[in-house]
Amino acid sequence: MSATDAARGLEAHEPITDEELALAARNHGMPLEGMRYDVTPTGLHYLLIHFDIPAADAETWSIEIGGRVARPLRLSVGDLRARPAVTMPVTMECAGNGRARLEPRPLSQAWLDEAIGTGEWTGTSLAPILEEAGVEADAVEVVFRGADHGVQGEIEQDYERSLSIADATRDEVILAYELNGHPLPPQHGFPVRLLVPGWYGMTSVKWLRSITVVAEPFDGFQMWAYRLRQHEEEEGTPVTRMMPRALMIPPGFPDFFTRKRTVDAGVITLEGRAWSGWGSVTRVEVSVDGGEAWTDAGLAEPQGAHGWRAWTYEWTAEPGAHELLVRATDEAGNVQPSEQPWNEHGFSNNVVQRVPVLVRSSMTD
Ligand SMILES: Nc1nc2c(c(=O)[nH]1)N[C@H]1C(S)=C(S)[C@@H](COP(=O)(O)O)O[C@H]1N2
Ligand SMILES: [Mo]
């Protein structure tokens, strides 16, 4: 998603480029049937890595905490594990999820709907660590640097993102060293990553090497890149928390190549998950007629404060072609749009999912 790439938007129907294919083959989404599980099994969780997975040895790894602090610290993985631990399900989504459906299509990782997952993450709270280090009075932000290195937007860089002091010291922000009860796998940030529940994934810096408190807002490439704008030259607004989204497990069975779905007529239970970074999902609605009529789905209890919420809907499927849609509303009143406003890098898209299905007469009819 370099500056030059972004200028080369493609129409949605134009074939995928070699560069998009290379990214799609490295990084993968969660097959939507993975929403069956409360916690996404490791390996099904989506993956996004800008550069290469860096080499890492947990024995010698350390995180340097410095900058505008009274007492700089160096913490090993053992030091982190010796601190109070917290385990919580956290739903994470890539800010570019849904990008592939925009027209023109921003050239980058060409996600459809699958850049999601819910991990059970274990780690230790960041706020007490910053408190021990003693954040100076003039501090405004905290910069998190990963060990991975590459070039993006023609700028050579380590992957780095910042948060305001207020956001970095929220209770739920942790330094995570386990996923689903095991040490982090290499691709998810082994041995330690930042985890910022509620925010799009780019904030949760993997392979965390340093935490630097700064007195000026950080303007690294990844801060500049993750902004909503219509043109390269615009300042734009920062991408932060996840907008609400509901997705359904596509019902019936797929055609291998076209992914078109067939369902047997009769009563079937549609099901899926919904989440938002702006508070709980309060409503999920389903349309079985292409978006004309909407009916409320049933909601399970939310999975903790930062995990997704299961929904179900009983559908009496009549023979013929149908289009199924689902949309979520959150506590803050955000509702998923039916048409997606476009932005340069294709971030924060949460247009409603559409699942075309062909219902065939049941064999027993
Ligand atoms: N160091 C580092 N951290 C990173 C990234 C990266 O490329 N390097 N990618 C970010 C992006 S854009 C996303 S969406 C999430 C993906 O996390 P996951 O691969 O564990 O699902 O990690 C974020 N953290
Ligand atoms: Mo991402």
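Structure: see above.
So, here's what we can say about the structure. (Residues numbered from 1 in each chain as written. Chains lettered and ligands numbered in written order. Predicted model: local features only at pLDDT ≥ 70, side-chain atom pairs only at ≥ 80, totals over all residues. Heavy atoms only, no water.)

## Overview of the site of ligand 1
- Every one of the 19 residues lining ligand 1 counts as a neighbour, but H50, D148, H188, R193 and K206 are closest to it.
- Interatomic distance of 2.5 Å between a side-chain N/O atom of K206 and an oxygen atom of ligand 1.
- When ligand 1 is considered free in solution it has 540 Å² of accessible area, and contact with the protein chains removes 100% of it.
- The cavity that encloses ligand 1 is the largest cavity.
- Of the residues assigned to the shell around ligand 1, the class counts are eleven nonpolar, five polar and three charged. (Near = heavy atom within 4 Å. Polar contact = N/O pair within 3.5 Å; in protein donor to acceptor, adjacent residues only side chain to side chain. Areas by Shrake-Rupley, 256 points an atom, 1.4 Å probe, with all protein chains shown as cover. 1 Å grid on protein atoms, 1.4 Å probe; cavity = no way out; pocket = protein on both sides within 12 Å on 5 of 7 lines; lining within 4 Å. Sits in = over half its atoms within 2 Å of the grid points. Nonpolar A, V, L, I, M, F, W, Y, C, P; charged D, E, K, R; others polar.)

## Looking at the sheet that holds strand 2 (residues 73-76)
- One open sheet accounts for five strands, arranged 2-1-10-5-6; its pairing is mixed. The sheet is open, and its two borders are formed by strand 2 and strand 6 (155-164), each paired with just one other strand. For this sheet, the mean inter-axis angle between neighbouring strands, taken without regard to orientation, is 25°.
- Both strand 5 (residues 141-152) and strand 6 contribute to a ladder of nine bridges, which runs antiparallel. In the sheet register, G150 faces strand 6, and the bridge partner there is Q157. (Pairing = 2+ DSSP bridges. Helix = DSSP H or I, 4+ residues; strand = E, 2+ residues; numbered from the N terminus. Axes fitted to C-alpha atoms, helices over the stretch in contact; angles between N-to-C directions.)

## As for the environment of R327
- Considering the arrangement of structural elements, one finds R327 in strand 21 (residues 320-330).
- Judged by relative accessible area, which is 17%, R327 ranks as buried.
- For R327 and R283, which are 44 residues apart along the polypeptide, the C-alpha to C-alpha distance reads 8.3 Å. (Buried < 20%, exposed > 50% of the residue type's maximum accessible area, 1.4 Å probe, protein only.)

## Details of the pattern of salt bridges
- For the structure shown, the criterion picks out 18 salt bridges.
- Put simply, R105 and E20 hold a salt bridge, and the shortest N to O gap is 2.8 Å. Separated by 85 residues along the polypeptide, R105 in the loop between strand 3 (86-93) and strand 4 (116-125) and E20 in helix 2 (residues 18-26) bring together distant segments of the chain. Just as R105 is buried, E20 falls in that class too.
- Several salt bridges converge on common partners, so that one network encompasses E93, R101, D113 and R245. (Salt bridge = Lys/Arg side-chain N within 4 Å of Asp/Glu carboxyl O.)

## A few points about the environment of P31
- Looking at the secondary structure, you find P31 in the loop between helix 2 and strand 1 (62-67).
- Residue classification places P31 among the partly exposed residues on the basis of a relative accessible area of 35%.
- It is 6.4 Å that separates the C-alpha atoms of P31 and E114, two residues lying 83 residues apart in sequence.

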